[in-house]
Amino acid sequence: GQSLEQPSEVTAVEGAIVQINCTYQTSGFYGLSWYQQHDGGAPTFLSYNGLDGLEETGRFSSFLSRSDSYGYLLLQELQMKDSASYFCAVKSGGYQKVTFGTGTKLQVIP
Amino acid sequence: EAQVTQNPRYLITVTGKKLTVTCSQNMNHEYMSWYRQDPGLGLRQIYYSMNVEVTDKGDVPEGYKVSRKEKRNFPLILESPSPNQTSLYFCASSRTENFQETQYFGPGTRLLVL
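In short, a report on the structure.

Reading guide: rules and limits
- Residues numbered from 1 in each chain as written.
- Chains lettered and ligands numbered in written order.
- Predicted model: local features only at pLDDT ≥ 70, side-chain atom pairs only at ≥ 80, totals over all residues.
- Heavy atoms only, no water.
- Helix = DSSP H or I, 4+ residues; strand = E, 2+ residues; numbered from the N terminus.
- Rg over C-alpha atoms; globule rule 2.2 N^0.38 Å.
- Buried < 20%, exposed > 50% of the residue type's maximum accessible area, 1.4 Å probe, protein only.
- Contact = heavy atoms within 4.5 Å.
- Lys, Arg positive; Asp, Glu negative; His and termini not counted.
- Charge placed at Lys NZ, Arg CZ, Asp CG, Glu CD.
- Pairing = 2+ DSSP bridges.
- Axes fitted to C-alpha atoms, helices over the stretch in contact; angles between N-to-C directions.
- Salt bridge = Lys/Arg side-chain N within 4 Å of Asp/Glu carboxyl O.
- Polar contact = N/O pair within 3.5 Å; in protein donor to acceptor, adjacent residues only side chain to side chain.
- Nonpolar A, V, L, I, M, F, W, Y, C, P; charged D, E, K, R; others polar.
- Phe/Tyr/Trp six-rings, centres within 6.5 Å; stacked < 30°, edge-to-face > 60°.
- Lys NZ or Arg CZ within 6 Å of the ring centre and 35° of its normal.
- 1 Å grid on protein atoms, 1.4 Å probe; cavity = no way out; pocket = protein on both sides within 12 Å on 5 of 7 lines; lining within 4 Å.
- Points joined across faces, edges and corners; volume = space filled by probe spheres on them.
- Disulfide = S-S within 2.5 Å.

Glancing now at the overall build of chain B. The helix and strand tally for chain B stands at 0 helices and 11 strands. A globule of 114 residues ought to have a C-alpha radius of gyration of about 13 Å, and chain B, at 14 Å, matches this closely. Referenced to the eigenvectors of the C-alpha coordinate spread, the extents of chain B come out at roughly 45 × 30 × 25 Å. Expressed as a percentage of its 114 residues, the buried residues of chain B come to 49%. Long-range contacts, defined here as pairs at least 24 residues apart, represent 52% of the contacts in chain B between residues at least 6 apart. Across chain B, the mean location of the 13 positive side-chain charges is 7 Å away from that of the 11 negative side-chain charges.

So, in structure tokens, the structure goes:
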């Protein structure tokens, strides 16, 4: 089956840069996605990597190395509103099942 | 406005009383999913659908049914709900274009089974 590992909690200072790592084990890999979820809200799509390399979207970047089964989300110029949970998710298999990690709770402090 | 809608948003029911949670998207997406979210467990996929009349089990399908008769709708059916199905449920739809996928989530349905 599929499994993903990401840190459970990360604390970072406002204005700084933080990296959230995700390692996965899966067969038939299609791509790695990242989502943000504020308490009480729905997950919001941030980024997707179907191919190796870096994808940049504003303050957020995501990286994928398929050979290492590893990816990360990079958040730059942290703002207080970035305090949320961040999930990585892998799409895999012939019918493209999706498996989420258990999430990383990011706390941004002044 | 592009969106995924779910109804109801909140539901309290009793064990064994059949219920349906509706999900609809207006983006003409082929791929749709249902997830449940429980504390400490993240989101777990219940069922997904690649297109009309094509559905498959996710990681936690027991006790659930789905159907995909139209592209825009993907209802989740609990034939005989039990307390362990108390959870927060999300429906989602996604598109893939040029190796880029974007998944959109509905607002969620909080279900309590007594």
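All names here are of chain A. The sheet built from 5 strands is open, its strands ordered E1-E3-E8-E7-E6 with antiparallel pairing. Each of the sheet's edge strands pairs with one partner strand only, and the pair in question is strand E1 (3–5) and strand E6 (53–57). Strand-to-strand twist across the sheet, computed as the mean angle between neighbouring axes with direction ignored, equals 20 degrees. With 3 bridges connecting them, E1 and strand E3 (residues 18–25) associate as antiparallel partners.

For the rest of this paragraph, the subject is the interface of chain B and chain A. Taken together, the contact between chain B and chain A spans 25 residues of the former and 21 residues of the latter. The interface formed by chain B and chain A holds 2 salt bridges in total. Of the charged contacts, one joins Asp 59 of chain B and Lys 97 of chain A as a salt bridge, the two residues approaching to 2.9 Å between their closest N and O atoms. Counting every contact that joins chain B to chain A gives 5 residue pairs in polar contact (both at pLDDT 80 or more). Only strand E4 (31–38), strand E5 (42–51), strand E6 (54–57), strand E9 (87–97) and strand E10 (100–105) of chain B provide two or more residues apiece to the side of chain B that touches chain A. A class-by-class count of the residues in the side of chain B that touches chain A yields 11 nonpolar, 10 polar and 4 charged.

Bringing the packing of aromatic side chains into the picture now. One pass over the full model with this rule turns up 13 aromatic pairs over all chains. The ring of Tyr 31 of chain B carries Lys 91 of chain A above its face, with NZ or CZ at 3.7 Å from the centroid. The ring centre of Phe 74 of chain B lies 6.0 Å from the NZ or CZ of Arg 68 of chain B, which sits over that ring.

Here the focus is the layout of surface pockets. There is about 400 Å³ of room inside the largest pocket. For the largest pocket, the lining is made up of 21 residues, of which Gln 37 of chain A together with Gln 37, Asp 38, Pro 39 and Gly 40 of chain B are closest to its centre. Those elements that provide at least two residues to the lining of the largest pocket are strand E9 (84–92) of chain A together with E4 and E9 of chain B. Taken as a whole, the second largest pocket spans an internal volume of roughly 150 Å³. Around the second largest pocket, the lining residues are Lys 91 and Gln 96 of chain A together with His 29, Glu 30, Tyr 31, Met 50, Ser 94, Arg 95 and Thr 96 of chain B. In terms of residue count, E9 of chain B provides more of the lining of the second largest pocket than any other element does, 3 residues in total.

Turning our attention to the state of the cysteines. Under the criterion given, the structure shown has 2 disulfides over all chains. The disulfide bridge from Cys 22 of chain A ends at Cys 88 of chain A, spanning 2.2 Å between sulfur atoms. The chirality of the disulfide connecting Cys 22 of chain A with Cys 88 of chain A is right-handed, given an S-S dihedral of about 75 degrees. Residue Cys 22 of chain A is located in strand E3, and its partner Cys 88 of chain A is located in strand E9; the two are separated by 66 residues in the primary sequence. Side by side, Cys 22 of chain A and Cys 88 of chain A carry an identical accessibility label, which is buried. Across the disulfide from Cys 23 of chain B sits Cys 91 of chain B; the S-S distance is 1.8 Å. Taking the torsion about the S-S bond as the criterion, the Cys 23 of chain B to Cys 91 of chain B disulfide, at about -70 degrees, is left-handed. In this pair, Cys 23 of chain B sits in strand E3 (residues 19–25) while Cys 91 of chain B sits in strand E9, placing the two residues 68 residues apart along the sequence. Residue Cys 23 of chain B is classed as buried on the basis of its relative accessible area, which comes to 3%. Residue class for Cys 91 of chain B comes out buried when judged on its relative accessible area of 0%.

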